[in-house]
Amino acid sequence: MIESKKITLISIILILITLVFTLGLWLYSLNCESDSEIYGDTKVIYTKDDVYDKDIINEANLILAKNNKIKSDSSEVYVDDNSVYISVGGYYRLNGNFENIVVESSDSRPVVLILDNAYIESSQKPPIYVYRATKCIVSTVENTDNYIVDKRKKYSETDKESAIYSIPNLTFNGEGNLYIEGNYQGGVYSKRNVKLVSGKLDVTAVNEGIKAENIFSRGGEISINSEGDSIKAKKKNNKGIVAFNGGNFKIKSENDAVNSNGEIFEKNTTLNIATGKGAENSKKLATRDLETETMPPELRQETQETEQAVELPSMKGLKADKGIYIDSGDVTFDTDDDAIHSGEEIILNNGKFQIASGDDAVHSDGNVTVNNGNISITHCYEGLEGKYIEINDGDINIIALDDGINAVGDGTSIMEPPPDNKNPSDAPSVTENNPDNRMLLQMQVEDNENTVMLFRMNGGKVYIEAGGDGIDINGSCEMNGGDVTSYAKKDGPDLAWDYDGICRMNGGTFKGAGNAGMMEMPADKSKKYCLMAYMPTTYRNGGNIKIIDSDGNEVENFSTDGSFCWVGWYGDNVKPQETYTMSVNDVVIGSAKVEKIISVIGAENTQNNAPPDSENGQPPPKPDGNMVVRDDMQPPSKHDGDIGTQGKMQPPAKPGGNMGAQQNGMQPPPKPNGNMGNPQQVGANSQMGDGTDKMSNADNELSNKNKTDEKSIDNSNTKKVIVLSVFFMVLVIISIFVLKKMKRQF
């Protein structure tokens, strides 16, 4: 009986020891993972090693280069000439002049290189070559200047092309200055991930500045000047990520400033981006014939010779093959090419934007959604361009050489073919290319619940000055709220708001002026009233427009310095049964009483009311707002060809709240909030190689070994917990079994 109690007591003690040990390991693993961030389906973990701690200087092994001699107080460091080889993980403090630092650690601990007034220069190999390690962290000591200079002959090799070349993950932190000169090709390259956490980093390179599968920032002051892309993320299956979540970046690039073959995320970051020759001296813009491009196709001279297309490199600001998501921050662009360019979608949730672009300011091959933010576009070819555009809030100012806002659709979104009884049999075909038939391109479009809207204005404030159309929609559109002021300023057939389908005016306020052979009128099913006016002449030097109600109150007063021959005023402020008088430069144009959805100032029988280029002094006939276009009579797109047209696009549904009800269309993709599910973790690299004698040939093989499930990489501590826990549980079971056997024997 006594022996049985002893055995039971020993068993309980062993179980408790195992539980305590497991709990300790679990708490240790939590302590190592300080925090994490989630971008789409990728989770990036920041461990305690990623965050700079000045106290680690006292724990570090000193590697001192002085008087052409290198000394180290660590037995795990060996020196060959002026090259230093580090074989285990730990902290290493570098002071003095070195030729190469080679990291080949088979340890599970990260290798931390603490630069303390270190100068590393090489003309034969990468100054820092991280061949093997769990991960490598480059830290800088406060009030120090550190240099990594690659002086190899340009393009003399085909691999290890950067001043810092790493197979595993790289982290940069600290409180000092680090200058990296990539005179051979690149500045920083990792076959895995790069984290920018703190410190001052200055990179110059004759090719890419920083290149990796994924690049994450949390802070620091980073300056990059490169002849190639400044920041480049490239991963298989278009899964590369560039994520800015803090820091101050100044980027000057001859090609793209930030280029990801996956997604780009930004918040809480200051970005100052310049590419190519900048917006004012844009090489991209110099290849355009603006005079011809802004004319409608039927007015262009058929015999006009077009210049041969000039092949230019991509010189965009933020460029992603997939989505771009911006939540906050302060972003400034001066780009030769598009400022923000996405292959799938762009969602601007907030932030401050100063944009000067030699091409489009914001361009998406898919959808553009603006939920908030302060966007000032001072120079561009087109302002916002995408298949579908939705503005929910924000303050947007656009000055454009062509269209201010351009929703291009996908070539299938205007309407279905109308019934035969709405399709005049004697209507001339658009293929005749007869300018007199341009009016017939915009006949009645069926306004029903199936109408696809390519542009929605739900809230916010938009101001546009355009050399082409202020708002150009290759289909239908609607306004549910907000405030829009739009001017098409040049002499020519351009409108403040141009659409090929119908326009529903359901809420908000629109005012604008422009030139055209015909005016666009909102649909009769609009919920708000609209006042439109033909001018008695074309005001080529601009003018001040006033609208007075019947009580003599001035209800609108706006001015443009551009050419205009008609004015539109729509929305919440236009009251039914009210009589409004319009004047230009204090000369009365006429009056109209608002008795139906569309009211027009200017007698249609008066010759002096004709817009420019109208025949016999007569304004063109006015459509009734419900227009139908035959499928063989769709007007040619004004788009320049950047946007893909495969598949039929359905615009995302408009969000709820006080922005008006969405009529149809699919739901937009969820907007990233930094905490999305089903992540794959991105972290340290723990695969080991066979030795330094295989370094020059093993990079690709070792990299392939590191492509295992990323969740297992950053969860190395968790794996240890599981393995050790299982080991001790098995030990306890064996002990209990042995004790019971002993009991039987006694």
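Before reading on, note that the structure itself is shown above.
Because the structure is a prediction, the values reported are computed rather than measured.

## Structural notes on the side chain of E382
Within the element layout of this structure, E382 appears in the loop between β36 (374-379) and β37 (384-386). Judged by relative accessible area, E382 falls into the buried class, the value being 2%. Look past the residues within four positions of E382 in its chain and what remains in contact with it is D359, D360, A361, A400, D402, D403, G404 and N406.

## Details of the pattern of salt bridges
Per the stated rule, a full pass over the model turns up 24 salt bridges. Across the pair D337 and K284 runs a salt bridge, and its minimum N-O distance is 3.1 Å. Taken together, the positions of D337 in the loop between β30 (330-335) and β31 (340-342) and K284 in helix α2 (residues 283-286) put the pair 53 residues apart, joining distant regions of the chain. Using a relative accessible area of 2% as the deciding quantity, one classes D337 as buried. The partner of D586 in a salt bridge is K546, and the shortest N-O contact between them spans 3.1 Å. Taken as a pair, D586 in the loop between β53 (579-584) and β54 (587-593) and K546 in strand β50 (residues 543-548) lie far apart in primary sequence, 40 residues in all. Each of K284, K316, D337 and D359 takes part in salt bridges that share partners, so that together they form one network.

## Remarks on the pairing of strand β38 (residues 388-391)
Residues Y388 and E390 point to one face of β38 and I389 and I391 to the other, with burial holding for every one of them. As paired elements, strand β35 (residues 367-370) and β38 share 4 bridges and run parallel to each other. By the bridge assignment, T369 is partnered in β38 with E390.

## Observations regarding the pairing of strand β49 (residues 529-539)
The buried fraction of β49 amounts to 8 of the 11 residues, a majority that puts the element mostly inside the structure. In the sheet, β49 pairs with strand β52 (residues 564-571) via 7 bridges, with the strands oriented antiparallel. When the sheet's bridge partners are listed, M532 is paired in β52 with G568. Here β49 runs beside strand β55 (residues 598-601); their pairing, made up of 4 bridges, is parallel. Its bridge partner being in β55, C530 is matched across the sheet by I598.

## Details of a nonpolar patch on the surface
Taken together, the side chains of L9, I13 and I17 make up a nonpolar region of the molecular surface, amounting to roughly 280 Å² of accessible area. Summarising the element assignment, I13 is placed in helix α1 (residues 2-32). For I13, a relative accessible area of 42% corresponds to the partly exposed category.

## Here's the deal with the sheet that holds β53
Within the open sheet, the 4 strands sit side by side as β51-β50-β53-β54. Their pairing is antiparallel. The two strands at the open ends of the sheet, each matched to only one other strand, are β51 (554-560) and β54. The average undirected angle you get between the axes of adjacent strands in this sheet is 15°. As judged from the 6 bridges shared by β53 and β54, these two strands associate in the antiparallel manner. Across the sheet, residue T581 finds its bridge partner in β54, namely S591.

## As for unusual backbone geometry
At N143, a position not held by glycine, the phi torsion is positive, near 60°. One can find N143 in the loop between β11 (136-140) and β12 (145-150). In the Ramachandran plot, N238 falls in the positive-phi region, its phi being about 55° despite a non-glycine side chain. Mapped onto the fold, N238 is located in the loop between β22 (231-233) and β23 (241-244).

## Some thoughts on the packing of aromatic side chains
Throughout the structure, instances matching the rule amount to 17 aromatic pairs. Between Y147 and Y179, the aromatic rings sit 5.0 Å apart at their centres with planes inclined by 20°, giving stacked as the arrangement. Separated by 32 residues along the polypeptide, Y147 in strand β12 and Y179 in strand β15 (residues 177-182) bring together distant segments of the chain. Y147 sits in the partly exposed class, given a relative accessible area of 30%. Residue class for Y179 comes out partly exposed when judged on its relative accessible area of 27%. A ring pair is formed by W497 and Y499, whose centres lie 6.5 Å apart and whose planes are at 90°; its orientation type is edge-to-face. By the burial criterion, W497 is buried, and Y499 matches it. Clustering of aromatic rings is evident, with ring pairs tying together F455, W497, Y499, F510 and Y570. Its end group placed over the ring of Y46, K195 keeps NZ or CZ at 5.0 Å from the ring centre.

Parameters at a glance
Residues numbered from 1 in each chain as written. Predicted model: local features only at pLDDT ≥ 70, side-chain atom pairs only at ≥ 80, totals over all residues. Heavy atoms only, no water. Helix = DSSP H or I, 4+ residues; strand = E, 2+ residues; numbered from the N terminus. Buried < 20%, exposed > 50% of the residue type's maximum accessible area, 1.4 Å probe, protein only. Contact = heavy atoms within 4.5 Å. Salt bridge = Lys/Arg side-chain N within 4 Å of Asp/Glu carboxyl O. Pairing = 2+ DSSP bridges. Patch = residues over 30% accessible without salt bridge, like charges linked within 9 Å, V, L, I, M, F, W, Y side chains within 5 Å. Areas by Shrake-Rupley, 256 points an atom, 1.4 Å probe, with all protein chains shown as cover. Axes fitted to C-alpha atoms, helices over the stretch in contact; angles between N-to-C directions. Phe/Tyr/Trp six-rings, centres within 6.5 Å; stacked < 30°, edge-to-face > 60°. Lys NZ or Arg CZ within 6 Å of the ring centre and 35° of its normal.

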